[in-house]
Amino acid sequence: ASISVPTLALNPNRGGPENLPVLDSTLDALDSELKGELSLNKPKLVILGSGWASVGLLKTLKPGDYDVTVISPTNYFLFTPLLPCAATGTLEVKSLMASIRKIVNDLSGHYLEAKAEKIEFEDKLVKVTSAYDESAQFYVPYDKLVVAVGCTSNTHGVQGLEYCSRLKTANDAIDIRKKIKANLEKSCLPTTTDEERRRLLSFVVCGGGPTGVEFAAEVFDLLNEDLPKSYPKLLRQEVSVHIIQSRSNILNTYDERIAEYATKRFINENIDVQINSRVEKILEDRVIFKKKNDKDGSVTLEEIPFGLCLWSTGVAQNPLAKNVTDSLPDHQKNRRAIETDSYLRVLGAPDVYAIGDCSTVKTDLADHAVDFVRNFIIKKHLHGISSDQISENDIKHLSLTYDEICEMGKELMKKQPQTREHLITLKDSLPQYDSASCGKLNFDQITSLLKNVEKQVTSLPATAQRAHQQGKYLGKKFNKLAKKLSLVENPNVTSFRSENPLKTDLDLATVGTTTLIFTDEEVYKPFRYVHLGSLAYIGNSAVFDLPGYSFVGGLVAMYLWRSIYFAQTVSIRTRVLLFMDWLKRGFFGRDILSE
Ligand code: FAD
């Protein structure tokens with residue numbers, strides 16, 4: 001006879017803070033047990049978010065080791081790099097979405113369409129609100145928690161952003177498509193004046209980073225390729241695309257040659273690039289910005305009327321991430337992101353991990369760099385001399401060779417294994433310093449080099465690439481932890497305890513009478529980011545900024561660019577849909593104009 005057991009239920013006997021109910025997956029575990037799967041003892045792994053970082057983790061986890069629950073207000077994964085194409089009708093928005101439920105089902109996990117509000121670190125509970133009903137709130141218990149909630153866009157304190165479009169979610173792309181189509185149609189009405197038509201057909205992008213640039217390039221393609229066919233009566237010269245960028249080039253985080261190339265190409269294509277310009281205020285129909293003149297340094301106040309304005313400048317902290325940093329004030333000092341150690345554990349909460357755009361890896365190398373270099377120089381060159389006879393001047397005048405600096409790096413790593421990434425970055429940076437200073441570096445040069453290394457390692461970019469790598473890293477580590485404890489196979493594992501606040505339930509297992517303790521350090525290496533390069537579409541060509549090599553390509557590069565993204569997409573369904581969209585666009589043009 002079939003037994004009906006609810007998949008997830010609220011525990012009638014356990015109340016959380018604020019008297020809210022607590023979720024109990026034991027009933028579900030019981031259900032699985034009845035089906036023959038032993039799951040009562042599985043550690044509860046709760047993952048917040050369904051973006052790049054979470055999917056990297058979910059796709060790497062081995063099914064069966066954890067009781068997985070994913071909480072996110074979006075029940076799909078969004079392939080963000082192609083979002084500018086979806087906003088302009090080159091691709092369908094749906095083609096960029098993959099069902100998160102399907103991915104979670106592969107792990108026999110649970111998905112809750114809800115938003116995490118705050119974390120009760122002491123009680124190991126996450127407060128959750130339904131995505132549909134703000135009064136439907138409950139707590140979800142965890143043994144291990146992964147925060148991967150991404151970030152929001154940075155307002156830079158500018159007023160009037162309510163008049164701007166954003167491009168972060170699937171709904172944003174749909175809204176932009178509707179707005180473009182509406183503006184084109186309004187432009188053709190006999191009641192529209194010439195001035196109003198020019199405003200409706202003016203597209204302004206605030207921010208010259210990859211997203212803004214790709215969107216501007218896609219809009220430009222749309223207006224050039226599809227407008228003449230669908231709106232032959234609209235004059236091309238009435239249509240305009242503008243980018244407002246605070247730096248001297250667009251794509252300024254890319255190699256300098258690429259940034260210059262992209263800026264020149266846009267200018268040649270008649271895209272209006274306003275460099276050295278800072279947005280002051282956005283009004284309902286125009287952007288007001290300050291422009292610094294390159295030649296005499298004078299600043300003028302300028303304005304551009306718009307029909308559509310995209311705000312695409314930088315990232316800011318997600319509210320949940322802010323709750324995490326505010327709740328752990330003794331450990332979290334960064335106001336932009338949750339700080340983790342190099343094993344991606346949240347500083348101040350070792351059971352909780354933070355990955356992706358909401359997090360940053362912190363090490364304290366910079367704080368100790370000066371002392372460390374001083375001690376190493378003394379050991380190497382002033383060995384045996386008593387410390388009161390050594391003056392600062394003596395130390396400052398001594399230098400270390402390339403090999404000695406590498407030796408220092410290795411010593412540092414022995415003391416602090418989490419600085420492995422620093423040693424690699426140090427070795428990468430050394431040849432440039434080395435050639436500039438005839439093979440030796442003095443005290444000041446070495447300390448500034450170490451500080452620079454620290455900066456490079458900790459200020460990793462907020463990209464899909466990094467988020468995905470961090471998710472995969474955690475997945476591999478969790479698999480290792482589960483294997484180490486032989487959770488499922490070992491019948492002697494009787495209980496999990498968390499007496500030591502530094503060890504999590506999962507890390508402590510009692511086998512017979514012996515307690516096994518595993519820390520992240522024991523089972524896995526620290527996280528290391530591998531930069532695979534950046535690319536951006538700049539209108540019928542693409543720029544590639546690969547490590548040690550950057551180039552610009554025409555059509556071939558563009559197809560290469562597309563095939564790289566093609567291979568990166570998570571499901572076969574998405575690949576098929578994308579391929580069909582590109583075919584459709586090739587034969588019939590973009591769909592946006594008939595929406
Ligand atoms: P996200 O992918 O943003 O996922 C965050 C998840 O958390 C979402 O599912 C969200 O719904 C969920 N969430 C939010 N709040 C809560 C909450 N309170 N509780 C539970 N869940 C919550 N990067 C590249 O490397 N290359 C590119 O070409 C590129 N192009 C881009 C183009 C665009 C238009 C955009 C917007 C971004 C682009 N990026 C690119 C950046 C990339 O998308 C991000 O770096 C990446 O999405 C970060 O992944 P994440 O998992 O940290 O966050």
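Just so it is clear, the structure is predicted and the values come from calculations on it, not from any experiment.

Undergrad: Would you mind showing me how to read the side chain of E339 here?
TA: As for its placement among the helices and strands, E339 is situated in strand 20 (residues 338-340). Discounting residues that sit within four places of it in the chain, E339 has contacts with H331, Q332, K333, N334, R345, V346, L347, T360 and K362.

Undergrad: Hey, could you run me through helix 5 (residues 170-187) in this one?
TA: A rise of 1.5 Å per residue sets the reference length of helix 5, with its 18 residues, at 26 Å; its end C-alpha atoms lie 26 Å apart and thus fit the reference within 8%. Looking at helix 5, one finds that the buried residues are A170, D172, A173, I176, R177, I180, N183, L184 and S187. The buried side chains of helix 5 occupy one side of the element, clustering within an arc of 165° when seen end-on. Residues N171 and K178 are exposed on helix 5 and point more than 90 degrees away from its buried face.

Undergrad: When you look at unusual backbone geometry in this model, what are you seeing that I'm missing?
TA: When glycine is set aside, most residues are seen to have a negative phi, and most peptide bonds are trans. Although it is not a glycine, S108 adopts a positive phi angle of roughly 50°. The topology assignment puts S108 in the loop between helix 4 (100-105) and strand 7 (110-120). Positive phi values are uncommon outside glycine, yet N276 reaches one of about 50°. Looking at N276, the relative accessible area reads 18%, which means it is buried.

Undergrad: What am I meant to see in the packing of helix 2 (residues 52-60) against helix 16 (residues 464-484) here?
TA: For any two helices packed against each other, the geometry comes down to the angle between their axes and how far apart the axes lie. Viewed as axis vectors pointing N to C, helix 2 and helix 16 meet at an angle of 30°, and their least axial separation amounts to 7 Å. Between helix 2 and helix 16 the crossing geometry is right-handed. Of the residues in helix 16, those in contact with W52, A53, G56, L57 and T60 of helix 2 are A464, A467, H468, G471, K472, L474, G475, K476, F478 and N479. Looking at side-chain class alone, the contact of helix 2 with helix 16 contains seven nonpolar, six polar and two charged residues.

Undergrad: Looking at this structure, I do not really get the nonpolar core. What am I missing?
TA: Grouped burial of nonpolar side chains is what soluble globular proteins tend to show. Counting residues in hydrophobic clusters, the biggest one holds 90 residues, and the most contacted among them are L58, L96, V146, F215, L251, F266 and F478. With eight residues, the top contributor of residues to this core is helix 7 (residues 210-225). Setting aside chain neighbours within four positions, we find V146 in contact with L45, V46, I47, L48, L57, Y353, I355, L474 and F478. The next biggest cluster of nonpolar side chains, apart from the first, holds 26 residues, and it includes A116, Y142, L328 and C358.

Undergrad: For this particular structure, what's the right way to read the sheet that holds strand 17 (residues 299-305)?
TA: Through backbone hydrogen bonds, the strands of a sheet pair up, either in parallel or in antiparallel fashion. Sheet architecture is open: three strands sit in the order 15-16-17, paired in antiparallel fashion. Of all strands in the sheet, those bounded by a partner on one side alone are strand 15 (277-282) and strand 17. Between one strand axis and the next, the sheet turns through 30° on average, direction left out of account. As defined by bridge partners, strand 15 adjoins strand 16 (residues 286-292) across five bridges and the pair is classed as antiparallel. By the bridge assignment, R278 is partnered in strand 16 with K290.

Conventions we followed
- Residues numbered from 1 in each chain as written.
- Predicted model: local features only at pLDDT ≥ 70, side-chain atom pairs only at ≥ 80, totals over all residues.
- Heavy atoms only, no water.
- Helix = DSSP H or I, 4+ residues; strand = E, 2+ residues; numbered from the N terminus.
- Contact = heavy atoms within 4.5 Å.
- Expected span 1.5 Å × (residues − 1).
- Buried < 20%, exposed > 50% of the residue type's maximum accessible area, 1.4 Å probe, protein only.
- Arc of directions from axis to C-beta.
- Axes fitted to C-alpha atoms, helices over the stretch in contact; angles between N-to-C directions.
- Left-handed = near helix turned anticlockwise from the far one by under 90°.
- Nonpolar A, V, L, I, M, F, W, Y, C, P; charged D, E, K, R; others polar.
- Core = buried A, V, L, I, M, F, W, Y, C linked by side-chain atoms within 4.5 Å.
- Pairing = 2+ DSSP bridges.

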